[in-house]
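# Coordinates in review
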Amino acid sequence: MSLRKSHELHQRRFSRNLGVGLTLAAFIVLIFGLTIVKVSGTDFNRAMQEEQN
């Protein structure tokens, strides 16, 4: 428990930092997902051509 009441500026800064942090986390998850799909090596075009033959 803090001895002094936190200033309103700290609450606004925390909200902004939380928003930036969540946006950054979403971006990292997106890049990670795209990397996993790319590294998996599945060639969807070739798979579709093999299905048609």
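In this report, the structure presented in the accompanying data block is examined.

Parameters at a glance
Numbers given to residues run from 1 along each chain, matching the order in which its sequence is written. Per-residue local features are limited, in this predicted model, to residues with pLDDT of at least 70; the limit for side-chain atom pairs, both in listing and counting, is 80 or more; totals at the level of whole chains, interfaces and linings are taken over all residues. Water and hydrogen atoms were dropped before computing side-chain values, which therefore reflect all heavy atoms in the structure. Going along the chain from the N terminus, every DSSP run of H or I of four or more residues is numbered as a helix, and every run of E of two or more is numbered as a strand. Think of it in three bands: with a 1.4 Å probe and only protein chains considered, a residue is buried below 20% of the maximum accessible area for its type, exposed above 50%, and partly exposed in between. The method behind every accessible area is Shrake-Rupley, applied with a 1.4 Å probe, and residues are considered shielded solely by the protein chains displayed. The residues that make up patches have over 30% relative accessible area and no salt bridge, and they are joined within 9 Å when like-charged or within 5 Å when they are Val, Leu, Ile, Met, Phe, Trp or Tyr. Within this document, salt bridges are pairs made up of a side-chain nitrogen of Lys or Arg and a carboxyl oxygen of Asp or Glu, the two lying within 4 Å of each other. Residues adjacent in sequence count toward polar contacts only when both atoms are side-chain atoms; beyond that, a polar contact is any pair of N or O atoms within 3.5 Å, and within protein one must be able to donate a hydrogen and the other to accept it.

Scanning the protein chain from N- to C-terminus turns up two helices and zero strands. Counting the 53 residues in the protein chain, one finds 0% classified as buried. For the protein chain, the exposed surface amounts to about 5,600 Å²; the carbon and sulfur share of it is 64%.

With that out of the way, let us pick up a nonpolar patch on the surface. On the surface, L24, F27, I28, L30, I31 and L34 cluster together into a nonpolar patch covering about 600 Å² of accessible area. Mapped onto the elements, L30 comes out in helix α1 (residues 8-39).

This part is about the environment of R12. With respect to the helices, strands and loops of the structure, R12 is situated in helix α1. Reaching out from R12, the side chain makes a polar contact with the side chain of E8 at a distance of 2.9 Å.

A few words now on the environment of T23. Of note, T23 is situated in helix α1. Within polar-contact distance, the side chain of T23 engages the backbone oxygen of G19 at 2.8 Å.

No statement about biological role is implied by the geometric values presented.
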